[in-house]
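Here's the letter readout for the chains.
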Amino acid sequence: MSLPAKPSEPPMLHPELRAADDADAIHKDGRRLDHAEGSSRALQSRPEEQPRGAKIHGSRPVDQAEAAARFIAAPEHEKMHDERLWDLRQKRDREMHGIPEWEELRSLASVIKEHTLTHLDEYLDQFEATAQRNGVHVHWAQDAAEHNRIVHGILRDHGARSLIKSKSMLTEECGLRAYMASVGVEVIETDLGERIQQLDNEDPSHVVVPAVHKLRTDVAQVFARTLGTDRDNSDVHYLAESQRQANRPLILAADAGMTGCNFAIAETGGVTVCTNEGNADLSANVPKLHIASIGIEKVIPRLEHLAVFVRLLSRSALGSPITQYTSHFRAPREGGEMHVVLVDNGRSARLGLAQFWTSLKCIRCGACMNTCPVPAQRRLELRRDLFRSHWPHH
Amino acid sequence: MSYGATYSGPIGLIIDPTFNARKYSNLPFASTLNGSCTNVCPVKINIHEQIYAWRRELVKQHEAPFVKKAAMKMAGELLSHPAAYRAAIAAADYALAHLPRFVIYNGLNAWGKHREVPHPPKQTFHSWHHANRGERS
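Colleague: Summarise the overall build of chain B; cite the residues concerned and give the values.
Modeller: Looking only at helices and strands, chain B features seven helices and zero strands. Start at the N end of chain B and walk to the C end: the helices and strands fall as α-α-α-α-α-α-α. Taking 137 residues into account, the globule formula puts the C-alpha radius of gyration at 14 Å, and chain B, at 20 Å, lies well above it. Once the C-alpha set of chain B is aligned to its principal axes, its extents read approximately 55 × 40 × 30 Å. Taking all 137 residues of chain B together, the buried fraction comes to 27%. Contacts in chain B between residues far apart in sequence, at least 24 positions, make up 37% of those at least 6 positions apart.

This is the structure in structure tokens:
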């Protein structure tokens, strides 16, 4: 099958992923699947070892340039990382141009967030009241340590020894996994990327695509070490399926489940979680106990406001119209218990910073990371795009 | 991860310092302030302006490294004395044109690490103006 020539669109894929005879990666209409994992071809070369993140020495200033230099020194990784993020940015642009009211939505989203943040106490009180009316237990945590203690307390009360969870930047912020390890609770991440990072004992490198800096061969190494897969098989379907087979029994046997929260709705007391793997539903519904950790800035006033954010979130994040799953949790399942932990951890202090409080509007889509030319030393397309008028022609 | 912090990317640059201003004091300086992040932000956070504001804030809180502060002070002196500035530019242009590569491209010159230093122009705007319009100004 030959590919339709499209000179206007630059190639999105790593050349080693582009195989003209790979029928699996081609849509019915002749277009290729255009995500970087669309083909399951093995990389031709044997890439270098995965560079690790910045070295941490207590509170000494982090030297991100040193970490970046090591990443750039690994050309396979740098190239793949570059192209994956640029691919996300291009798809985001395509989605943005697909809806004429995009700028109106952005303005609405900004105004809703600013209004909520400037009336945060009222909306948090309202959320607490409606959630309690729905039969949800509401807890307040001033900082990361209190959050972890509260979660541990709930688990202890139920005699829970294992916890399945969906992806949450807040629990990363709180160091939940390390804390739970110290008190003897097993945590199992259910998001594939986050599980890869957990098995590799590494923090996520991106808020939406946590293992984006890893090549499939790196994942094969991690799974070979931790799940006993074939070290030399880096086929993405094989890797994903192996992980699923290993993880599913742990999910089914878990004592408790945890989710993060994308939006907490004051009017309804509902918690909305957006995923592409349905893993929030597994985490919330398989065990009888569901705990949702919520940063206090996640609250929005009304259900109708959710529509604005749901339309923006995945378009900005992955360049898809909507996440595969948008899950709404409003009350405990029958015979179960639902807890929410509202976490401050520096947010109210940030709200008091005249120059920086609007950073609390962030919905963690990662669009800024995908467009940034700084981590990508060679992302030429983007630099041309940004500095078109100044770009010298060679 | 490259930042050694929970949040990476541009949003990380402006959130991470609120957790630990000293530990993440270098981050807001790792930006070209091109504003692409602000352009794509779905909730219109003025990210690049906040990155710049953090630089001012961190310098105020004495969280800038000594070398950076000393360099900025020297640059400030130079830029506030036009004669000294012009002499420095002329000297730098001459140096770029005549010094051997190893003197220009070494560990001390961060600019030359992944790129060529631009060629010095044959004439600066100031010298052109002086030659062509000097008598009228």
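Once you've had a look at it, read on.
Colleague: Could you give an account of the overall build of chain A, naming the residues involved and the relevant values?
Modeller: Helix and strand content of chain A: 15 helices and ten strands. The 394 residues of chain A split such that 42% are buried. Put simply, 73% of the contacts in chain A that link residues at least 6 apart link residues at least 24 apart.

Colleague: Describe unusual backbone geometry, with residues and values.
Modeller: Residue and element names in this part refer to chain A. The backbone of Arg 364 sits at a positive phi, close to 60°, despite the residue not being glycine. Relative to the helices and strands, Arg 364 is located in the loop between helix H13 (347-351) and helix H14 (367-371). Its 19 C-beta neighbours within 10 Å are what place Arg 364 among the partly exposed residues.

Colleague: For the interface of chain A and chain B, give the residues involved together with the corresponding values.
Modeller: Much of the literature gives interface size as the accessible area that the parts lose upon coming together. Taken residue by residue, the interface counts 47 residues in chain A and 38 residues in chain B. At the level of secondary structure, the elements contributing two or more residues to the side of chain A that touches chain B comprise helix H1 (64-72), helix H3 (102-118), helix H6 (169-173), helix H12 (303-317) and H14 of chain A. The residue inventory of the side of chain A that touches chain B, partitioned by class, reads 23 nonpolar, 14 polar and ten charged.

Colleague: Give a detailed account of H3 of chain A, specifying residues and quantitative values.
Modeller: Residues and elements named next belong to chain A. Over its 17 residues, H3 extends 24 Å from the first C-alpha to the last, a length consistent with the 24 Å expected when each residue adds 1.5 Å. Looking at H3, one finds that the buried residues are Ala 109, Ile 112, Lys 113 and Thr 116. The arc that holds every buried residue of H3, seen down its axis, measures 95°, which confines them to one face. Summarising the geometry of H3, the exposed residues directed more than 90 degrees from the buried face are Glu 103, Glu 104 and Thr 118. Contacts made by the buried residues of H3 are with helix H4 (120-133), strand E8 (299-300) and H12.

Colleague: Could you give an account of the sheet that holds strand E3 (residues 186-189) of chain A, with specific residues and numbers?
Modeller: Residues and elements named next belong to chain A. Spatially, six strands are ordered E1-E10-E7-E4-E2-E3 in an open sheet, and the strand pairing comes out parallel. Lying at the two open borders of the sheet, with one neighbouring strand each, are strand E1 (137-141) and E3. Adjacent strand axes in the sheet meet at a mean angle of 25° when their direction is disregarded. Pairing of strand E2 (residues 162-165) with E3 involves four bridges; the strand directions are parallel. The residue of E3 that forms the bridge with Ile 164 is Ile 188.

Colleague: So what about H12 of chain A? Which residues, and what values?
Modeller: All names here are of chain A. With 15 residues, H12 extends 22 Å between its outermost C-alpha atoms, agreeing within 8% with the 21 Å of an ideal straight helix rising 1.5 Å per residue. Of all the bends in H12, the greatest, near 25°, is centred on Phe 309. Counting buried residues along H12, eleven of its 15 residues qualify, which places the element largely inside the surrounding structure. All buried positions along H12 are accounted for by His 305, Leu 306, Val 308, Phe 309, Arg 311, Leu 312, Leu 313, Ser 314, Arg 315, Ser 316 and Ala 317. Count one or two residues on from H12 and you reach Gly 319, which has phi positive near 70°.

Colleague: Can you explain the packing of H3 of chain A against H12 of chain A? Please cite residues and give values.
Modeller: Residue and element names in this part refer to chain A. Contact geometry for H3 and H12: axes closest at 10 Å, N-to-C directions at 125°. The pairing of H3 with H12 is recorded here as oblique in orientation. The handedness of the crossing between H3 and H12 is left-handed. Residues Leu 105, Arg 106, Leu 108, Ala 109 and Ile 112 of H3 touch H12, and the partners they reach there are His 305, Val 308, Phe 309, Arg 311 and Leu 312. Grouping the constituent residues of the contact of H3 with H12 by class yields seven nonpolar, one polar and two charged.

Colleague: If you had to explain the sheet that holds strand E6 (residues 270-275) of chain A to someone new, which residues and values would you point to?
Modeller: Residue and element names in this part refer to chain A. Sheet architecture is open: four strands sit in the order E8-E5-E6-E9, paired in mixed fashion. With one partner strand each, in any of the chains shown, E8 and strand E9 (325-329) form the two edges of the open sheet. With three bridges joining them, strand E5 (residues 263-265) and E6 adopt antiparallel strand pairing. Bridge assignment links Ala 264 to a residue of E6, and that residue is Val 271.

Colleague: Talk me through the confidence of the model for chain B; I want residue IDs and the actual numbers.
Modeller: Summing up the model confidence of chain B, the mean pLDDT is 87 and the portion of residues at 70 or higher is 96%. The ipTM assigned to the predicted complex is 0.85, against a pTM of 0.85.

Colleague: Account for the packing of helix H9 (residues 216-226) of chain A against helix H10 (residues 236-253) of chain A, naming residues and giving values.
Modeller: Residues and elements named next belong to chain A. Where H9 contacts H10, the axes come no closer than 10 Å and their chain directions differ by 35°. Handedness of the crossing formed by H9 with H10: left-handed. Here H9 contributes Arg 216, Val 219, Ala 220 and Phe 223 to the contact with H10, which in turn contributes Val 236, Leu 239, Ser 242 and Gln 243. Taken together, the residues of the contact of H9 with H10 sort by class into five nonpolar, two polar and one charged.

Colleague: An account of the pairing of E2 of chain A is needed here, citing residue identities and associated values.
Modeller: Put simply, side chains in a regular strand alternate between the two faces of the sheet. Pairing geometry for E2 of chain A and strand E4 (residues 256-259) of chain A, over three bridges, is parallel. Across the sheet, residue Ile 164 of chain A finds its bridge partner in E4 of chain A, namely Gly 257 of chain A.

Colleague: Let's hear about the environment of Leu 342 of chain A: which residues, and what values?
Modeller: Residues and elements named next belong to chain A. Mapped onto the elements of the fold, Leu 342 is located in strand E10 (residues 337-343). Looking at Leu 342, the number of C-beta atoms within 10 Å reads 22, which means it is buried. Separated by 188 residues in sequence, Leu 342 and Ile 154 have C-alpha atoms that sit 14 Å apart. Other than its neighbours up to four places away in sequence, Leu 342 contacts Leu 124, Val 138, His 139, Trp 140, Ala 141, Ile 294 and Ile 296.

Colleague: Can you tell me about the nonpolar core, naming the residues and giving the values?
Modeller: Counting residues in hydrophobic clusters, the biggest one holds 95 residues, and the most contacted among them are Leu 163, Ile 294, Phe 309 and Cys 368 of chain A. Here Leu 163 of chain A is in contact with Leu 155, Met 180, Val 185, Val 187, Ala 254, Ala 256 and Met 258 of chain A, once residues within four sequence places are set aside.

What counts and what doesn't
Residues numbered from 1 in each chain as written. Chains lettered and ligands numbered in written order. Predicted model: local features only at pLDDT ≥ 70, side-chain atom pairs only at ≥ 80, totals over all residues. Helix = DSSP H or I, 4+ residues; strand = E, 2+ residues; numbered from the N terminus. Rg over C-alpha atoms; globule rule 2.2 N^0.38 Å. Buried ≥ 20, exposed ≤ 12 C-beta atoms within 10 Å, placed from the backbone. Contact = placed C-beta atoms within 7 Å. Nonpolar A, V, L, I, M, F, W, Y, C, P; charged D, E, K, R; others polar. Expected span 1.5 Å × (residues − 1). Arc of directions from axis to C-beta. Pairing = 2+ DSSP bridges. Axes fitted to C-alpha atoms, helices over the stretch in contact; angles between N-to-C directions. Bend = angle between axes of the 7 residues up to and from the residue. Parallel < 35°, antiparallel > 145°, perpendicular 65-115°, else oblique. Left-handed = near helix turned anticlockwise from the far one by under 90°. pLDDT = per-residue confidence, 0-100. Core = buried A, V, L, I, M, F, W, Y, C linked by C-beta atoms within 7 Å.

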